[in-house]
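What follows is the residue order along each chain.
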Amino acid sequence: MSDRANQVISDILRRIHEAIVENDVTYEEYQAAKQWFIDVGEAGEWPLFGDVYIEHAVEEQAFGNRAGSQGTILGPFHLPDAPLLDAPFELPHRPDEPGDRTRVTGRVTDVDDNPLPNANLDIWQADASGAYSGFMPGPPDGNLRGQVRTDADGRYEYVTVIPGPYTIPLDGPTGRMTAAADWSPWRPAHIHLIVSAEGYEPLVTQLFIDTSDHLDNDVASAVKEELIVHPERADGGLAFTYDFALAPARTPAVA
Ligand SMILES: [Fe+2]
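In short, a report on the structure. Within each chain, residues carry numbers counting from 1 in the order of the written sequence. Given that this is a predicted model, residues contribute local features only at a pLDDT of at least 70 and side-chain atom pairs are listed and counted only at 80 or more, while totals for whole chains, interfaces and linings are drawn from all residues. Side-chain figures throughout are based on the complete set of non-hydrogen atoms in the structure, without hydrogens or water.

## Considering the nonpolar core
Heads up, the rule is: Joining through side-chain atoms within 4.5 Å is the link that ties buried Ala, Val, Leu, Ile, Met, Phe, Trp, Tyr and Cys residues into a set, and such a set is a nonpolar core. The buried label applies to any residue whose accessible area, calculated with a 1.4 Å probe on protein chains only, is under 20% of its type's maximum; exposed applies above 50%, and partly exposed to all values in between. Numbering of helices and strands runs from the N terminus, with a helix taken as a DSSP run of H or I at least four residues long and a strand as a DSSP run of E at least two residues long.
Judged by nonpolar contacts, the single largest core of 35 residues is most densely connected at V108, L121, Y156, Y158, L193 and F244. Taken together, the elements giving at least two residues each to this core come down to β1 (101-110), β2 (120-125), β4 (155-161), β7 (190-196), β8 (203-209), β9 (228-229), β11 (237-241) and β12 (244-246). If one sorts the elements of this core by residue count, β8 sits on top with four residues. W36, V40, F49 and V219 belong to the second-largest nonpolar core, a separate cluster that totals eight residues.

This is how it looks when you write it as structure tokens:
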């Protein structure tokens with residue numbers, strides 16, 4: 001493991017050193033960067049910074065050539081143990097939950113289109129104003145977080161609302177760095193999912209709403225064309241379908 005650590009850490013440091021030389025970085029800039037590292041730690045923003053600016057490259061490297069549906073970043077707002085929903089499979093929400101009510105349906109299959117019964121979909125999303133329960137003021141704990149299972153034919157459904165786009169926190173060091181570089185802090189509207197079934201690779205992904213702003217300049221670089229969905233009017237609300245195909249587990253389960 002130390003050879004691996006030596007290789008990777010040496011390479012990252014060498015590239016930082018090269019950037020310092022190529023950009024003629026000053027002592028003042030180095031001191032400002034050092035203070036920024038300290039600020040990120042004190043603000044508890046290392047998970048945010050990593051998931052926004054680094055995770056997409058790791059995800060692409062790890063899973064870009066995997067068979068089946070496309071994945072994308074996990075991000076920092078997943079919480080474990082969301083409730084398993086029964087029919088009619090509505091994500092927990094407030095009585096007056098804002099946003100367009102939307103029915104999501106689809107199938108979970110293997111890469112040969114065989115249905116996967118009892119596959120699990122762990123779903124979480126921001127509300128219509130872009131706020132995540134458990135992380136931001138507004139929505140109550142557990143809002144718009146739930147899990148559903150596929151039926152014997154591999155079919156699933158759930159009801160939710162269209163989420164809103166949101167910015168990464170603007171007042172912390174990650175947001176200040178983003179502003180200093182004059183980058184957009186926005187993420188387009190999306191629904192997060194982890195789709196899993198025994199014997200298959202869990203799929204960590206997001207579905208992006210086609211009408212959202214910021215699809216072409218996601219601060220987290222997580223948008224993929226295959227993950228953009230197109231909700232249409234149906235039954236007084238909206239509806240869309242998305243099918244997931246899971247790749248076989250890389251390491252067979254040990255009996
Ligand atoms: Fe998100």
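## Brief notes about the packing of aromatic side chains
What counts is decided by this rule: Aromatic pairing here means that ring centres of Phe, Tyr or Trp (its six-membered ring) are within 6.5 Å. Orientation follows from the plane angle: under 30 degrees is stacked, over 60 is edge-to-face, and everything else is tilted. In our convention, an over-ring charge means Lys NZ or Arg CZ found within 6 Å of a ring centre and within 35 degrees of that ring's normal.
A complete count under the given rule lists 15 aromatic pairs for this structure. Measuring from ring centre to ring centre gives 5.6 Å for Y53 and W183, while their planes differ by 50°; the resulting arrangement is tilted. Taken together, the residues Y53 in helix α3 (residues 46-53) and W183 in the loop between α5 (173-180) and β6 (186-187) connect sequence positions 130 residues apart. Overall, the relative accessible area of 47% leaves W183 in the partly exposed class. Both rings, one in Y156 and one in F244, keep their centres 6.0 Å apart while their planes meet at 40°; by these two values the pair is tilted. Here Y156 is found in strand β4, whereas its partner F244 is found in strand β12, with 88 residues between them in sequence. Here Y156 and F244 have matching classes, each one buried. One residue, R66, lies across the ring of F63, its end atom 4.1 Å from the ring centre.

## Examining unusual backbone geometry
Put simply, A87 and P88 share a cis peptide bond, and its omega is 5°. Following the sequence through the fold, P88 ends up in the loop between α4 (55-63) and β1. Positioned with a positive phi, D182 is a non-glycine residue whose angle comes to about 60°. Exposure remark for D182: the relative accessible area of 69% places this residue in the exposed category. In the Ramachandran plot, D235 falls in the positive-phi region, its phi being about 55° despite a non-glycine side chain. Structurally, D235 can be placed in the loop between β10 (232-234) and β11. Judged by its relative accessible area of 79%, D235 falls in the exposed class.

## Description of a nonpolar patch on the surface
The line we're drawing: Surface patches are drawn from residues lacking salt bridges whose relative accessible area is over 30%; two like charges belong together within 9 Å, two nonpolar side chains (Val, Leu, Ile, Met, Phe, Trp, Tyr) within 5 Å. Note that accessible areas follow from Shrake-Rupley with a 1.4 Å probe, and for residues the cover is restricted to the protein chains shown. For this document, the term salt bridge refers to a Lys or Arg side-chain nitrogen within 4 Å of an Asp or Glu carboxyl oxygen.
Among the surface-exposed residues, V8, I9, I12, L13, I16, I20, V25, Y27 and Y30 lie close enough to one another that they form a single nonpolar patch of about 810 Å² accessible area. Counting only elements with at least two residues in the nonpolar patch, the list comes to α1 (2-22) and α2 (27-42). Tracing the backbone shows I20 in helix α1. Using a relative accessible area of 36% as the deciding quantity, one classes I20 as partly exposed.

## Digging into the packing of α3 against α5
Definition in use: Here the axes come from fitting lines to C-alpha atoms, over the contacting stretch only for helices, and the angles between their N-to-C directions go from 0 to 180 degrees. By definition in this entry, angles of less than 35 degrees are roughly parallel, angles greater than 145 are roughly antiparallel, angles of 65 to 115 are roughly perpendicular, and the rest are oblique. The contact criterion used throughout is that any non-hydrogen atoms of two residues lie within 4.5 Å.
The interhelical angle for the contact between α3 and α5, taken along N-to-C directions, is 40°, at an axis separation of 9 Å. Comparing the axis directions of α3 and α5 gives the class oblique. Contacts from L48, F49 and Y53 in α3 reach T174, M177 and T178 in α5.

## Details of the coordination of the iron ion
Threshold: Any nitrogen, oxygen or sulfur atom within 2.8 Å of a metal ion counts as a donor, with the limit raised to 3.2 Å for Na, K and Ca, and since water is left out, coordination shells can look unfinished.
Around the iron ion, the donor atoms from the protein are Y132 (OH), Y166 (OH), H190 (NE2) and H192 (NE2), and they sit 1.9 to 2.1 Å away. Of note, the donors binding the iron ion are all from one chain and are spaced Y-x33-Y-x23-H-x1-H. Highlighted residues: Y166 in strand β5 (residues 166-167) and H190 in strand β7, separated in sequence by 24 residues.

## Some details on the environment of D81
Relative to the assigned elements, D81 resides in the loop between α4 and β1. With 65 residues separating them in the primary sequence, D81 and G146 have C-alpha atoms 8.4 Å apart.

## Things to note about empty space enclosed by the protein
As a reminder of what qualifies: The definitions used throughout rest on a 1 Å grid laid over the protein atoms alone, on which a cavity is an enclosed set of points accommodating a 1.4 Å probe that cannot get out and a pocket is an open set flanked by protein within 12 Å on both sides along at least five of seven lines; lining residues are those having an atom within 4 Å of a point. Grid points are joined across faces, edges and corners, and a volume is the space filled by probe spheres set on the points. Lys, Arg, Asp and Glu make up the charged group, whereas Ala, Val, Leu, Ile, Met, Phe, Trp, Tyr, Cys and Pro make up the nonpolar group; the residues left over, Gly among them, are polar.
Following the criterion strictly, the structure yields two cavities of 30 Å³ or more and no others. Here the largest cavity is characterised by a volume of approximately 90 Å³. Among the elements that take part in the lining of the largest cavity, α3 stands out by supplying three residues, more than any other. Residues of the lining of the largest cavity, tallied by class, amount to nine nonpolar, two polar and two charged. Volume-wise, the second largest cavity comes out at about 30 Å³. The class makeup of the residues in the lining of the second largest cavity is five nonpolar, two polar and two charged.

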